[in-house]
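# Coordinate analysis (summary)
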Amino acid sequence: MTPTIGSSTDSFGFNGLKLFEVVRDCLPDDRKRTQNLLETKDDMLFVWNSKNCSVLTVNWRAANVKKDQQQKYQTLIPSAPQNFTVEKILPSTEATFLALSGPRGLSILELPRRWGPNGQYQNGKECIICRSYNLDEHLFNENANLEILQIRWHPASPTDSHILALLSDNSIRVYDVDALRHVWRVGPSPSLVNGGAVATTSTKAPLSTSSPTTRSTAKLAYLSSLGDTAVDFDIAPPRVVSGEADLTTTTTLEDTSYSTTGGGHSFAQPKKSKGGKIEWPIVILRGDGNVYILCAGIDTDRPKLQGPISILPQVDDNYGLDSCSLVVVPSLPPTIIIAESSGKTHHALLLEEESPAERSLTELDSSLVLYPCEWYLQVLETVELELGLAGVDEARTYSCPIHLKRDLLNESRYFAYHNAGLHAVTMDFTRQLVHFVENDDDLNEKYPLFNSQSRAEYVVCTKALPNSSTNSVLGFALLSSPPGILLQLASGQVVTLDLISDHSKIRDWSVTPGGKSSLATDSTLKKMMKDSFQDRIQTILKSGTTQPILKLDQTAEPTPQESFELLTQATKMLREHYFVKHEKARQEIERRVHVLKLLKQQQLSEIDQLQQEKQQIRDTAERLAENYEDICDKQSALFKRAQEVVRLATLRLPKGSFSENKFADMIEKIGSATRQLERNVDQAKQKITAQQVQVEQKQKAQKERIVALPTKQEDIIKQIIGEMYTQIEGCVTDVKKMSSVLNMT
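Model, not experiment: these values are computed from the prediction.

What follows deals with the state of the cysteines. Scanning all chains against the criterion turns up zero disulfides. The thiol of cysteine 373 is not disulfide-bonded; the next cysteine sulfur, from cysteine 295, is found 8.4 Å away.

Within strand β5 (residues 74–78), five of the five residues are buried, which leaves it mostly tucked inside the rest of the structure. Side chains Gln74, Leu76 and Pro78 project from β5 onto one buried face, and the interleaved Thr75 and Ile77 project onto a second face that is buried too. Of the pairings in the sheet, the one linking strand β4 (residues 54–59) to β5 comprises three bridges and is antiparallel in character. Considered in β5, the bridge of leucine 56 is made with threonine 75.

The next point concerns the packing of aromatic side chains. Per the counting criterion, the structure on display carries six aromatic pairs. Ring geometry for phenylalanine 12 versus tryptophan 60: centroids 6.2 Å apart, planes at 80°, classification edge-to-face. On the criterion of sequence distance, the pair formed by phenylalanine 12 in the loop between β1 (3–4) and α1 (18–24) and tryptophan 60 in helix α2 (residues 60–65) is long-range, its members being 48 residues apart. Overall, the relative accessible area of 4% leaves phenylalanine 12 in the buried class. One aromatic cluster is present, built from ring pairs that chain together Phe12, Phe14, Phe20 and Trp60. Note that arginine 114 overlies the ring of tyrosine 121, its terminal NZ or CZ placed 6.0 Å from the centroid. Positioned above the aromatic ring of tyrosine 371, the side-chain terminus of lysine 304 is 5.4 Å from the ring centre.

On to the pairing of strand β8 (residues 105–110), then. Of all six residues that make up β8, five are buried, and the element is covered over most of its length. With six bridges joining them, strand β7 (residues 97–102) and β8 adopt antiparallel strand pairing. Residue pairing for β8: phenylalanine 97 is matched across the bridge by glutamate 110. Hairpin connection of β7 to β8: two residues between the antiparallel strands. Where β8 meets strand β10 (residues 132–135), four bridges bridge the pair, whose relative direction is antiparallel. Paired with leucine 109 across the bridge in β10 is serine 132.

Pairing within the open sheet is mixed, and its five strands lie in the order β23-β27-β26-β25-β24. The open sheet has two edge strands with one neighbour each: β23 (310–312) and β24 (323–329). Geometrically, the sheet is characterised by an average inter-axis angle of 30° between neighbouring strands, direction not taken into account. Against the sheet, helix α6 (residues 429–438) makes contact with β25 (335–340), β26 (344–352) and β27 (375–384), and its axis sits at roughly 20° relative to β26, the strand it touches most.

Parameters at a glance
Residues numbered from 1 in each chain as written. Predicted model: local features only at pLDDT ≥ 70, side-chain atom pairs only at ≥ 80, totals over all residues. Heavy atoms only, no water. Disulfide = S-S within 2.5 Å. Buried < 20%, exposed > 50% of the residue type's maximum accessible area, 1.4 Å probe, protein only. Helix = DSSP H or I, 4+ residues; strand = E, 2+ residues; numbered from the N terminus. Pairing = 2+ DSSP bridges. Phe/Tyr/Trp six-rings, centres within 6.5 Å; stacked < 30°, edge-to-face > 60°. Lys NZ or Arg CZ within 6 Å of the ring centre and 35° of its normal. Axes fitted to C-alpha atoms, helices over the stretch in contact; angles between N-to-C directions. Contact = heavy atoms within 4.5 Å.

By themselves, these figures tell us nothing about what the structure is for.
Written out as structure tokens, the structure is:
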């Protein structure tokens, strides 16, 4: 696979993105050294904003597809400002965290969740305050010369939160987010170095006049001069170690599956054998070219350090005395690539020793225990990279640190980026190794001869003349689906190139198993000012040199030449050692104020947004309460109707007991009789009403009727009435007579 460089150096059109327009105005102040301020993870692109101390991110795949629409970028603001200059960013294996690293510090940024149509963080929110953790701030404040040389995410982390950091004091510190889990020694410690070697390099000044910091600095410089300081490390494929007999068995391709998702290694854990444990060999490179291996698991407290590894074939210079970087390619067997500052890269296979020899090595640190080495390196070839344009003799003498990154799609290729540009190196022997492993059933198959040489392509050159200023690489990342490379230069230019992919070499992608667990942490705002900013400024202003008190001879006047030299020396000292520190302190104060202002503005906007959402929630709650009451009333009415329906349905069930049927028949008869009585009562009422009407009519007619008798009948009646009246009068007279007679008697 080779990059295709046409007339355009921006195949993906990243120069037109709004994100890189902002990045060009926010480049770091120190742009003379190679850094890695951008990185990709799946379809997300992360770029460090050195001015605002924030991370700019965008879905580069969506931006590449929708070229006619300007894809909006997002700003991830760390909740705790960094007290160091960030020179490298590295996302974790599952894109849960983002590591921000520099020579003087390490910070972990917790990435938010993604959702929405474009797969952005929090549905495309413009600014997001993310929880961040500054690791071991006190350690770097107390040790002015302590630096971080390399960081790697551990591929076996169950929570995707374990990170390894190589420090300049020959130690690897293992962190689980903000918690320090282990400190592994990988070489002699400056604080423990003793013996005549250090004594011979010390000055004649008495020990009482030198501070502990000065002594530690001298010892660290002494170790660096001897090349006994680790400069880089990488994690090799895992293996299963027998717990009983302490025997080791290296896993094969059938036992281990590799995943190349993400910016670093992502090896799937091999299957555990009964009674065994998993170890991840950590390959460590020292400045003198020696290679060591630290056999450790993620929970190992005291791992075994093996080395130095035998490098075959042997040469006088041990394949370089100025080694700077190392990378492990997970082939079978693993391929170790070692780079020197002069531009040479060595390709070697990590092979197992048949019978490890017992040997004891004398280190500067007598407390460091070295175990017999179980591997050796077989160097197959050495590739010399051109640091500058060919044809310039002085360009061959130019040297600078070489940074290595392996290709995630093809294990036969890796990239080397530096101050002079970018190289792509293709290793042909890896294909021969694969062919040899796949044909292991054929007993007549010959061993690979490795007769073909690797190919190195100078993809991007940023240094034409030896005296010209360097246009260093500030960021290099690999793109996938579609494949490509992304390069950011110190001048602000962005170079994107397509890669021609050989589909036969593309490996199957496998998802690394492992769940994510939420981390219960305290409020980061309380930890944001964990270290006083005044202490930080004092650390910056602290001078690393001490000046004696002048006691000049007062009897003789100094000459003008001596006075001028003294004044020049004092002026030079002020300019080089004091004014620079004051300028750095001023920049640090301005950066802290700027970051705090941005953080305050973002928090105020968040508060306003939360207040609006609170009012909306309150209005919604009131509306829902009213709807709830209406629904309750309707529900009560429906409940009563449902009860009636259930009752009627129960009565009409086709099946029931004898008593229930008898009772139902009785109820039905009573109901029929009741309805019959009601009808009879209604009929009686109707008849009574009709009779009353008739009676009233008859009474009214009788009152209005006049009876007229014939004259003859009237005379007869009058005659009869007269006779009756005469009879009555006679009776009355008789009664009176009888009464008078009775009274007289």
